[in-house]
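What follows is the residue order along each chain.
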Amino acid sequence: MAQDDLFKKLIAHAKEYGYIFQSSEIYDGLSAVYDYGQYGVELKNNIKKYWWDAMVKMNENIVGIDTAIFMHPEIWNASGHTSAFNDPLIDNKDSKKRYRADDLIEEHIRKYQNKIDKDVAKGHKKFGDSFDEKQFLETNPNVLRNQAKIDEIQGRLVKALEADDLNEIKQIIIDCEIADPVSGSKNWTDVRQFNLMFETQLGSTADGASKIYLRPETAQGIFVNYLNVQKTGRMKLPFGIAQIGKAFRNEIVARQFIFRMREFEQMEMQFFVKPGTEMEWFEYWKEMRIKWHKAMGIPEEKYRFHKHDKLAHYANAAYDIEFEFPFGFKELEGIHSRTDFDLKQHQEFSGKKLQYFDPESGESFVPYVVETSIGLDRTFLSILSACLKEEEVKKENGESDTRVILQIPPALAPIKLAVLPLVKKDGLPEKAREIIDELKFDFICQYDEKDSIGRRYRRQDAIGTPYCITIDHQTLEDNTVTIRNRDTMEQERVQISELAKIVDDKVSMKKLLKKIF
Ligand code: ATP
């Protein structure tokens, strides 16, 4: 499927099959806000469990917490968010469209990269196996010219962002002759900083309400509870605190479905270490996190690391794990070495010591932090986009047909098992119910008796159910059923008593975790 097509189909499929709905749809929707439907919430919960188990259950030295969305406003001064959590914004005077200025420039850079990629593809086509890509990239004049352009613009952008030089950012847009992607106009306003935090009031105005923020990340809830957890849990360095929760960002341009939303969920883990050991742990967590992704069985080439050129004010090393979404490789997760910046800032702003006493050396110090931060919704989107497939299948009458299938990793699939009586009579529905009543303690099962068996299979394929079992007249005689595998469409006759084991083998979270640990 072409990638553009895939993305449109994915959005339509997510709605049609109860995964994701536009928020407030009957009121014409609310831009970039989405609701998860009956299957979406199950997939989301399963992703959370997979992450939580991989962090908290599998690591003795990591514990979880759940902190409030509202926090003391001073926290955001300490963390730097009130002054520095900004994106550079630019408006086009003709189209009245608003953009992130750095995004416009990145998009422009991507055009040069695409030219290079095209030249490389041509080389492969023309010369086949004898094509030396490395040499081509190092010597071809077109490639070198385009690469020089990329380096020049990228260099200017990084410098301008680091120096907060908004005039220079605008100058890059002018020099590169970047036009509004919608109208083609080059009539731009100046670049302004835009703070991404949502504000609200705590208390009624009559008693002097104070301004507070909806948290833009879950990490600060962990930092301000560092000492509570360390002391009450008698935690020894190195140790981690994990949290899953909502975060809010007033994104300038929220788009690409659930990729960039204004209300979203993060899964973050802060790992507190002895100063000087942070690079070792940074490498460790980079490896562990990529393993977590790859264990799901999604093609490995869809993931890659991206090293940050511009480091955030608090970091001394940062990598993203990028995923190849239908609109290209984009950030899915960040792994950051955050030094002792946050704890030191909170120490200074709160006036409370946030130190660790090392019983071995007898010293007290502020720990360093390595963080892993992943978007739950982006993970959801990565899974859906890698798993939505269309397959040509032959019907019994020889005609070909298209099967739409969501090949979600079985451990994460919303419904694990569909139980289908062949006909709605002769005691088959009752037998099906009996089986569900036994299996529902272990798996989410779905009963379906409507339409032909073929159509029912297709419905389950579209939801992503790994197994369907069919109850027929023979079942009543010998307690056997046919079990159909979603991916291979193979059917097998098995004893009802074997079902729990067969399904568990396929959908077990334990097996998934064992690929990592
Ligand atoms: P981006 O560069 O895409 O804006 P970021 O670098 O600001 O992301 P972080 O602050 O590192 O993101 O947040 C950690 C993770 O939270 C990201 O890797 C992403 O998966 C997720 N995330 C961040 N912003 C959003 C958003 N607006 N909608 C959905 N997920 C998000």
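All values reported here derive from a predicted model rather than from experimental measurement.

Each value, and the rule that gives it
Residues numbered from 1 in each chain as written. Predicted model: local features only at pLDDT ≥ 70, side-chain atom pairs only at ≥ 80, totals over all residues. Heavy atoms only, no water. Pairing = 2+ DSSP bridges. Helix = DSSP H or I, 4+ residues; strand = E, 2+ residues; numbered from the N terminus. Axes fitted to C-alpha atoms, helices over the stretch in contact; angles between N-to-C directions. Near = heavy atom within 4 Å. Polar contact = N/O pair within 3.5 Å; in protein donor to acceptor, adjacent residues only side chain to side chain. Areas by Shrake-Rupley, 256 points an atom, 1.4 Å probe, with all protein chains shown as cover. Nonpolar A, V, L, I, M, F, W, Y, C, P; charged D, E, K, R; others polar. Buried < 20%, exposed > 50% of the residue type's maximum accessible area, 1.4 Å probe, protein only. Contact = heavy atoms within 4.5 Å. Expected span 1.5 Å × (residues − 1). Arc of directions from axis to C-beta. Domains from an automatic or database assignment. Phe/Tyr/Trp six-rings, centres within 6.5 Å; stacked < 30°, edge-to-face > 60°. Lys NZ or Arg CZ within 6 Å of the ring centre and 35° of its normal.

**Some words on the sheet that holds strand S6 (residues 192–195)**
Backbone-to-backbone hydrogen bonds pair the strands of a sheet. The strands run either parallel or antiparallel.
Part 1 of the argument: The strand order across the open sheet formed by three strands is S5-S4-S6, and the pairing between neighbours is antiparallel. The open sheet has two edge strands, strand S5 (98–100) and S6, and neither has a second partner. Across this sheet, the average inter-strand angle for adjacent strands is 45°, counted without regard to direction.
Part 2 of the argument: Pairing geometry for strand S4 (residues 86–91) and S5, over three bridges, is antiparallel. Directly across from Asp91, in S5, lies its bridge partner Arg98.

**Observations regarding the sheet that holds strand S20 (residues 445–447)**
Part 1 of the argument: Read from one edge to the other, the open sheet built from five strands follows the order S20-S19-S21-S22-S23, with strand pairing classed as mixed. Since the sheet does not close on itself, it has two edges, and those belong to S20 and strand S23 (491–495), each with one partner. Across the sheet, the mean angle from the axis of one strand to that of its neighbour is 30°, orientation sign disregarded.
Part 2 of the argument: As paired elements, strand S22 (residues 480–485) and S23 share five bridges and run antiparallel to each other.

**Points about the site of the ligand**
Part 1 of the argument: In the vicinity of the ligand there are 16 residues, among which Glu251, Arg260, Met261, Glu331 and Leu332 approach most closely.
Part 2 of the argument: Arg378 is positioned with one of its side-chain polar atoms (N or O) 3.0 Å from an oxygen atom of the ligand.
Part 3 of the argument: Its free accessible area being 600 Å², the ligand has 85% of it covered by the protein chains.
Part 4 of the argument: Elements with a minimum of two residues in the shell around the ligand: strand S10 (263–273), strand S13 (328–339) and strand S16 (368–375).
Part 5 of the argument: It is S13 that contributes the most residues to the shell around the ligand, five residues altogether.
Part 6 of the argument: By residue class, the composition of the shell around the ligand is four nonpolar, five polar and seven charged.

**Section: the environment of Asn86**
Part 1 of the argument: Tracing the backbone shows Asn86 in strand S4.
Part 2 of the argument: A residue is classified by how much of its surface remains accessible, and Asn86, at 22% relative accessible area, is partly exposed.
Part 3 of the argument: Apart from residues no more than four positions distant in its own chain, Asn86 is found in contact with Gln193, Phe194 and Asn195.
Part 4 of the argument: Polar contacts involving the side chain of Asn86 include one to the main-chain carbonyl oxygen of Ser83, which spans 2.9 Å.

**So, the pairing of strand S18 (residues 400–406)**
Part 1 of the argument: Two elements, strand S17 (residues 388–394) and S18, share seven bridges in a ladder whose sense is antiparallel. Bridge pairing in S18 places Val393 opposite Asp401.
Part 2 of the argument: Taking the residues that link successive antiparallel strands as the turn, the S17-S18 hairpin has five residues, and the phi of Gly398 there is positive, at about 90°.

**Examining the environment of Gln446**
Part 1 of the argument: The topology assignment puts Gln446 in strand S20.
Part 2 of the argument: In the structure, Gln446 is positioned 26 residues away from Asp472 in sequence and 17 Å away in space, judged by C-alpha atoms.
Part 3 of the argument: Setting aside residues no more than four positions away along its own chain, Gln446 makes contact with Tyr39, Ile415, Leu417, Ala418, Val419, Ile436, Gln460 and Ile463.

**Structural notes on helix H14 (residues 428–439)**
For an α-helix, 3.6 residues make a turn, and residues three or four places apart therefore share a direction.
Part 1 of the argument: Here H14 spans 17 Å end to end across twelve residues, near enough to the 16 Å set by a 1.5 Å rise per residue.
Part 2 of the argument: Those residues of H14 that fall on the buried side of the exposure criterion are Leu428, Pro429, Lys431, Ala432, Ile435, Ile436 and Leu439. In a view along the axis of H14, the buried residues occupy a sector of 160°, so they form one face of it. For H14, the exposed residues lying more than 90 degrees away from the buried face are Glu430, Glu434 and Glu438.
Part 3 of the argument: Residues of H14 that are buried in the fold lie against strand S19 (417–421), S20, strand S21 (467–471), helix H16 (473–478), S22 and helix H17 (499–507).

**Re the domain arrangement of the protein**
Part 1 of the argument: Parsing the protein into structural domains produces domain 1 (42–69 + 214–384), domain 2 (87–192) and domain 3 (398–516).
Part 2 of the argument: Computed from C-alpha coordinates alone, the two centres of domain 2 and domain 3 are separated by 50 Å.

**What about the packing of aromatic side chains?**
Part 1 of the argument: Taken as a whole, this structure holds 26 aromatic pairs when the rule is applied.
Part 2 of the argument: On the basis of an interplanar angle of 80° and a centroid distance of 5.3 Å, the ring pair of Trp281 and Tyr284 is categorised as edge-to-face. With Trp281 and Tyr284 both in helix H11 (residues 278–295) and three residues apart, the pair spans about one turn of that helix.
Part 3 of the argument: When the centroid spacing of 5.1 Å and the interplanar angle of 70° are considered together, the rings of Phe323 and Phe325 count as edge-to-face. Comparing Phe323 with Phe325 shows no difference in burial state: the two are buried.
Part 4 of the argument: Joined through ring pairs, the aromatic side chains of Phe7, Phe259, Tyr303, Phe323, Phe325 and Phe327 make up one cluster.
Part 5 of the argument: A cation over a ring is seen here: Lys286 above Phe305, with NZ or CZ 5.0 Å from the ring centre.
Part 6 of the argument: Over the face of the ring belonging to Tyr457 we find Arg484, whose NZ or CZ atom lies 4.4 Å from the ring centre.

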